[in-house]
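Chain residues, written in single-letter form:
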Amino acid sequence: MDILQNKLNITILFSILFILGIVSFFANIPIILLIFVSLGLVGLIYTDRIKPIAAFLLFLTFLGGFYIADFRVKNSDALYYIAPKNNIVAEGKVVSILETNKPDKTRFYFKVDKINTGYKEVDNLKSKTIVTLFEPREVYSKIQIGDTLRLKGNLRLPQKAANPNEFGYKNYLQNMNTFSTMFIQKDNFEIVKKPQSIGWKFLQKVNIQRNAITEKHSKILKSPYLELLGGVVFGDDAITPTDELKESFRISGLLHLLAASGLNVGIIFGIWFFIGNLFKMNYRLNIIIGSFLIILYTCMTGFSPSILRATLMIEFVLFGKLLDRKADSLALISFVCFLMLLYNPSWICHIGFQLSFLVTTGLILAMPVISEWCKKYNKFWQFLINSAAVPVIAQIWVLPVQMFYFNTFTMYSPLANILVLPFITIVSFTGFISSIIAMFPFTPDILIKICDMFLSPFLIITVKISDFISSLPNANLVTIQPNIVQILLYYGFVLLITKFFIDEMKNKKLIYIAISVFAILLMSFIKIPDNKLHLTFFSVKNADSCLVKTPENHYFVIDTGKKSFSGSYSSGEGVIAKYLLAKGITKIDYVILSHLDNDHIGGTVGLLEKIKVKKVFVNTDIPTTQTSQELFDYLKKHNIPYEIVKNDTVLYEEKDLKVRAYLNKSIDENENSIINLLEYKNFNALFMGDAGIGGYEILPVRKIDVLKLGHHGAKDTINKAVLDKIKPQTVIVSTGQNQYGHPHFSIIDLFSENNIHYLRTDNKNTIDISTDGTNKQENCYLPEKRKFLPCDNHAVK
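These numbers come from a predicted model, not from an experiment.

Cut-offs applied
- Residues numbered from 1 in each chain as written.
- Predicted model: local features only at pLDDT ≥ 70, side-chain atom pairs only at ≥ 80, totals over all residues.
- Heavy atoms only, no water.
- Helix = DSSP H or I, 4+ residues; strand = E, 2+ residues; numbered from the N terminus.
- Buried < 20%, exposed > 50% of the residue type's maximum accessible area, 1.4 Å probe, protein only.
- Disulfide = S-S within 2.5 Å.
- Salt bridge = Lys/Arg side-chain N within 4 Å of Asp/Glu carboxyl O.
- Expected span 1.5 Å × (residues − 1).
- Arc of directions from axis to C-beta.
- Pairing = 2+ DSSP bridges.
- Axes fitted to C-alpha atoms, helices over the stretch in contact; angles between N-to-C directions.
- Parallel < 35°, antiparallel > 145°, perpendicular 65-115°, else oblique.
- Left-handed = near helix turned anticlockwise from the far one by under 90°.
- Contact = heavy atoms within 4.5 Å.
- Nonpolar A, V, L, I, M, F, W, Y, C, P; charged D, E, K, R; others polar.
- Phe/Tyr/Trp six-rings, centres within 6.5 Å; stacked < 30°, edge-to-face > 60°.

A. Layout of the environment of Ser435. As for its position among the elements, Ser435 is in helix α16 (residues 413-438). For Ser435, a relative accessible area of 1% gives the class buried.

B. Here's a closer look at the state of the cysteines. Scanning all chains against the criterion turns up 1 disulfide. Here Cys780 connects covalently by a disulfide to Cys791, the sulfurs 2.0 Å from one another. Taking the sign of the torsion about the S-S bond as the criterion, the disulfide between Cys780 and Cys791, at about 95°, is right-handed. Placement of the pair is Cys780 in strand β24 (residues 776-782) and Cys791 in the segment after β25 (787-790), with a sequence separation of 11 residues. Across the pair, exposure class does not vary: Cys780 and Cys791 are buried alike. For the unlinked cysteine Cys337, the closest cysteine sulfur is that of Cys349, found at 12 Å.

C. Just the pattern of salt bridges, in detail. The full count for this structure, using the stated rule, is 17 salt bridges. Between Glu679 and Arg702 there is a salt bridge whose closest N-O contact spans 2.2 Å. Remark: Arg702 occurs in the loop between β19 (683-687) and β20 (706-708) and Glu679 occurs in strand β18 (residues 674-680); sequence separation between them is 23 residues. For Glu679, a relative accessible area of 24% corresponds to the partly exposed category.

D. Molecular detail of helix α3 (residues 52-72). Between its first and last C-alpha, α3 extends 30 Å over 21 residues, near the 30 Å set by a 1.5 Å rise per residue. Turning to α3, its buried residues number three or more, namely Ala55, Leu58, Thr61, Phe62, Gly65, Phe66 and Ala69. End-on view of α3: buried residues confined to an arc of 125°, all on one side of the axis. In this structure, α3 carries Pro52, Ile53, Tyr67 and Phe71 as exposed residues pointing more than 90 degrees from its buried face.

E. Structural detail: the pairing of β19. In terms of residue burial, β19 counts as a mostly covered element, since 5 of its 5 residues are buried. Along β19, one buried face is formed by Phe683, Ala685 and Phe687 and the opposite face, lined by Asn684 and Leu686, is buried too. Direction of pairing for β18 relative to β19: antiparallel, over a ladder of 5 bridges. The residue bridging Leu678 from the neighbouring strand is Ala685, located in β19. Taking the residues between adjacent antiparallel strands as the criterion, β18 and β19 are bridged by 2 residues, where Lys681 takes a positive phi near 55°.

F. Molecular detail of the packing of helix α2 (residues 30-46) against α3. Running from amino to carboxyl end, α2 crosses α3 at an angle of 165°, the nearest separation of the two axes being 10 Å. Classified by the angle between their axes, α2 and α3 sit roughly antiparallel to one another. Of the two possible hands of crossing, α2 and α3 adopt the one that is right-handed. Here α2 contributes Pro30, Leu33, Leu34, Val37, Ser38, Leu41 and Ile45 to the contact with α3, which in turn contributes Pro52, Ala55, Leu58, Phe59, Phe62, Leu63 and Phe66. Residue classes in the contact of α2 with α3 are distributed as 13 nonpolar, 1 polar and no charged.

G. Highlighting the sheet that holds β25. Read from one edge to the other, the open sheet built from 9 strands follows the order β15-β14-β13-β12-β11-β10-β23-β24-β25, with strand pairing classed as mixed. Either end of the sheet is taken by a strand with one partner, and the two such strands are β15 (642-644) and β25. Going across the sheet, the axis of each strand differs from the next one's by a mean of 20°, ignoring polarity. Across the sheet, helix α20 (residues 571-582) is in contact with β10 (533-537), β11 (545-549), β12 (555-560) and β13 (587-592); its angle to β12 comes to roughly 160°.

H. Structural view of the packing of helix α11 (residues 283-300) against α16. Two elements in contact, α11 and α16, have axes whose closest approach is 11 Å; the angle formed by their N-to-C orientations is 75°. Here α11 lies roughly perpendicular to α16, going by the angle between them. Contacts between α11 and α16 pair Leu293, Leu296, Tyr297 and Met300 from the former with Phe432, Ser435 and Ile436 from the latter. Classifying every residue of the contact of α11 with α16 by side-chain character gives 6 nonpolar, 1 polar and no charged.

I. Geometry of the environment of Ile515. Relative to the helices and strands, Ile515 is located in helix α19 (residues 508-524). According to the relative accessible area criterion, Ile515 is exposed, its value standing at 51%. Taking the C-alpha atoms as reference points, Ile515 and Ile497, 18 residues apart in sequence, are found 9.2 Å from one another.

J. Focus on the packing of aromatic side chains. Applying the stated criterion across every chain, the model contains 34 aromatic pairs. On the numbers, 5.7 Å between centres and 65° between planes, the contact of Trp373 with Tyr377 is edge-to-face. According to the relative accessible area criterion, Tyr377 is partly exposed, its value standing at 35%. Measuring from ring centre to ring centre gives 6.0 Å for Phe537 and Phe687, while their planes differ by 25°; the resulting arrangement is stacked.

K. Local environment of unusual backbone geometry. Residue Ala83 is joined to Pro84 through a cis peptide bond whose omega torsion reads -5°. Looking at the element boundaries, Pro84 is found in the loop between α4 (78-82) and β1 (85-94). The amide bond that connects Ser223 to the next residue, Pro224, takes the cis arrangement and shows omega of 5°. Positioned with a positive phi, Asp559 is a non-glycine residue whose angle comes to about 65°. Mapped onto the elements of the fold, Asp559 is located in strand β12. Phi angles above zero are rare outside glycine, and Asp716 is one such case at about 70°. As for its position among the elements, Asp716 is in the loop between β20 and α24 (720-726).

Here is the structure:
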């Protein structure tokens, strides 16, 4: 069937162009996609596939998607303009289920109705924030969704992505229509009242009931099997899985099982529909009952976003099937996608939304072809082939999305999903039924025990399969990060190949076009060799980190930024490793740590966990803090060699390039930093670590092209005499929000008085300086455009 020859398929085209319009808005590539869409429509007119008036309307649909996204997506709310502000009092409603994975804190979304800043009270705000409440679990567990609270704490703006490939918490929250965060310390919250409306009362009762059911299961099932059952039946916010279980399932390609998703919705409806057909139930009655079961399951999961999207999707499709049993499934799913994005264009940025629609679309297109092909075999082989095809098709359709977000390819994911499918099907449906049984107060515990004992071997086998698959060689391959155009080329190739098989391989033109598209896709990954020296100064808050790429394409890192005090964030993993992995770089030559302060070594372990390193250079092997102790323990445990640097030592050398280290033995830890002088032809760069004025005394007198200023620009890190001595062309100040007053005003005044060109990582984001040894170019990262631009044209944000 030609997807362009009937009304339903015009619906598909209409939806696709609307989606592309929204994609062009969020990906910030409207011109590229406008040209792409225009050429495609002209081609369809030229081949008499559609009439010019239809092409014009479809073109307007593309523009409509862009402008609707532009109109509907907000960039701020009332709280955004109040933040940052300390000691505010906010009153409002808890609008999400609380996170329960931490014993001493929780997070939840909070819709603020009124706020008191200390000097002004504002009502009717209707703004949403995400609250982090520091209370023990026995205290915060008293709070339920729908409760009205009064909170006192600090309002902040979420962290933006200041580095390439870094997770943008600000953008993530913006897609949730949230533009601020709030931090509440102990004894600073009050439950004002319980919900009054029917809707919020219902949601609260559902959540209380869900917690009670989970408690009953916990009497029989233990970790990690309880977490697996909880994830499959109730969603990922019911029982947080252990880190070991999450890692095993991530590598094996089964991570989606730990969070109730569209798969579970499909399994529950599929099994019920099979049972209904088995007992020859009326077609429409079977669909109606199945629809009710899906709604019930959605309630039990607490209306998690992934389940809600999947439920809306399948309910719309089922409604269409009720009206017309022969309705085109692809047209229905396209129309559902259109309606959901019309309601909330930001949903297209959610990875769960993307994966749900991509996998569903792939299965709708490919499975009929495979089912038809395997009819020549008996029922048993038909079942095996169709079962094996589902995860393979799913992997094909999610591959570029997986590469884009995670820079990985789970090699054995299809195999793992095939092996666990029969077990997880039993777990999903039986767990759902047993949980319904557990809802009734008169249900005897022995009945729950029998269900859990029945489920236990299937849960154990599922975990064992995941552990086995994740232990295989090359189970999780690192990939480069594709761009939006490459992703579109990939799906164009997949669609062409699919269409070729739908046409029973009769249309040879399609295969030639597909080969051409694939060739263009492959060529887009070919990189022109870059023989320049690159110094990439990451924006790691009030800390230091620079990646050096040499002309011969060797890499080393000077300092690794820091990790948070809670240990939940490391700039080594979240910034440096992500940047390297996105470029397909899995190993580097050296890490040079100027000294053992947390803001210079804190990201090292996180970096080493993701990137292989030949050697680490340090100024001492005597740990003075918990962070430095953890660093040396990790180096020893994983047999990573490290070397204590001596003064005036060459650490690295290649043609025309040399890195020499200087060390000023001092009782002051900052002045004892390793100072690195990089020389390449007529260019040089000086990295001061945290060393101040005293550090310059041990250096040879010479003019410096790029100076990485010591100690984030603190007082006495440089003076007029030093400036006259080294005459830096560009000074890099690596800093961020801090309580120490970095950079000190006297340093900034000194630069201004002497016309010194300086760049700060707190307002220029990542700074990349490239040179051929004579001329240098300075580019700064602009998150809004997701690319580097000349720093002179870079607006301060």
